[in-house]
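Report on the structure
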Amino acid sequence: MSRLNKPDHTPTAPDVAPSAAATLRFQSFDLLATLVAVVHSNGTVLFANAALEDARGMSRRAIVGSCLSDSFTEPARLQQALQSADDNEFAALRYDTWLKRLNHEPLPVHVIVTRTETEDEIVVELLPLEQQARQDREERLAEQAQANKELIRNLAHEIKNPLGGIRGAAQLLELEMDSAELTEYTQVIIHEADRLQTLVDRLLAPHRRPHLVGDVNIHEVCEHVRLLLSAEFPKGLQVVRDFDTSIPEFRGDREQLIQTILNIAHNACQALAAQIAQGNACLTFRTRIARQITFGKQRYRLALELHVIDNGPGVPDSIKDRIFYPLVSGREGGSGLGLTLAQTFVQQHHGLIECDSVPGCTDFKILIPLP
């Protein structure tokens, strides 16, 4: 019988029932962040991995045995791809479409259809396009942070050596002068040299200080930062604590995490100056547990998701893509080091820091792996 005239292969109940065997065969797919389904050539699902369950908002039991084509806004495209795969017309086929989700808007995905070595068995991979964009952004941030680190180290050392010579020469020159007016000039040189030395020390601080690891309660860290902010901004600022108290302690450097959150929150408070004056400034600390999440090219079963959110004017568009660069600041007189240090400290915890900002809502999100 030719392929064109073969009967439609619709699995009967006994065909679909051995889902336990299929689950055992394909259980390694559950470790992937990619959405994966294994289907018959007619689209009937043999296996769906955990990532696909999460994306669809449906259990594996509900997905297995259903027709995968019905999960898309354009079902005919997948049906055609599966038929072509069954006819050995390609090794792998790719296209973009939209995946339907329960109680959510459709998700844009990149579909990869691939035959397996088993007859009438096809693997369908779904790569969320927003996830792909996020991974690209993470890679850029990691490369940027590494470049920043090398730049800071080299620049700081290049500045530090001649700086000591300038300060020493000014001090010797001051000893030879009898005029008080001329001494004022040497004092200016010494003062500015000291100011630059302080800046260099701040640049090098995160690379010099040892990483002191201990048990960290993230809510105790947030509360410590809240008290510091309340002392500096006693009026006009509301600090909201939206905590998931089930988050466990984890191994980390408490002082670095305090400094990280304080740098972000303090920047937010300075951006909220107008709202604080009007008495309607709001800063929110929100903690959640993220499950089965991938960042930094690694998948984690659990991760801390910490948000620092303010209702300020937002990050200026001119620096939005450069806010983690050293010496980039959105306010007059800012050093531009706070967010650079925050990024360094988070990365030393194998984590990730991101910013999403529009007028009225700036959200810094920190992700740190949990045990």
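Report follows, based on the coordinates.

1. Quick word on the sheet that holds strand S1 (residues 35-39)
- Strand order in the open sheet made by the five strands is S2-S1-S5-S4-S3, with antiparallel pairing throughout. In this open sheet, the two edge strands, each paired with only one partner strand, are strand S2 (45-48) and strand S3 (92-101). On average, each strand axis in the sheet is inclined to that of its neighbour by 30°, with strand direction left out of account.
- In terms of strand pairing, S1 meets S2 through three bridges, oriented antiparallel. Each bridged residue has a counterpart across the sheet, and for Val 38 the counterpart in S2 is Phe 47.

2. A short note on the sheet that holds strand S10 (residues 298-310)
- Ordered in space as S7-S9-S10-S12-S11, the five strands form an open sheet in which the pairing is mixed. Looking along the sheet, the strands with just one partner apiece sit at the ends: strand S7 (237-242) and strand S11 (352-358). Averaged over all neighbouring strand pairs, the angle between strand axes comes to 20°, with direction disregarded.
- Relative to strand S9 (residues 281-295), S7 is paired through six bridges, and the arrangement is parallel. By the bridge assignment, Asp 242 is partnered in S9 with Arg 286.

3. Topic: the environment of Glu 184
- The topology assignment puts Glu 184 in helix H7 (residues 180-208).
- Judged by relative accessible area, Glu 184 falls into the exposed class, the value being 56%.
- Sequence spacing of Glu 184 and Glu 174 is ten residues, and the spatial spacing of their C-alpha atoms is 9.0 Å.

4. Points about the packing of helix H8 (residues 218-232) against helix H9 (residues 254-271)
- Where H8 contacts H9, the axes come no closer than 9 Å and their chain directions differ by 40°. Taken as axis vectors, H8 and H9 run oblique relative to one another. Handedness of the crossing formed by H8 with H9: right-handed. Touching Ile 218, Glu 220, Val 221, Cys 222, His 224, Val 225, Leu 228, Leu 229 and Glu 232 of H8 are Arg 254, Leu 257, Ile 258, Ile 261, Leu 262, Ala 265, His 266 and Cys 269, all from H9.
- When its residues are assigned to classes, the contact of H8 with H9 shows twelve nonpolar, two polar and three charged.

Cut-off values and rules
Residues numbered from 1 in each chain as written. Predicted model: local features only at pLDDT ≥ 70, side-chain atom pairs only at ≥ 80, totals over all residues. Heavy atoms only, no water. Pairing = 2+ DSSP bridges. Helix = DSSP H or I, 4+ residues; strand = E, 2+ residues; numbered from the N terminus. Axes fitted to C-alpha atoms, helices over the stretch in contact; angles between N-to-C directions. Buried < 20%, exposed > 50% of the residue type's maximum accessible area, 1.4 Å probe, protein only. Parallel < 35°, antiparallel > 145°, perpendicular 65-115°, else oblique. Left-handed = near helix turned anticlockwise from the far one by under 90°. Contact = heavy atoms within 4.5 Å. Nonpolar A, V, L, I, M, F, W, Y, C, P; charged D, E, K, R; others polar.

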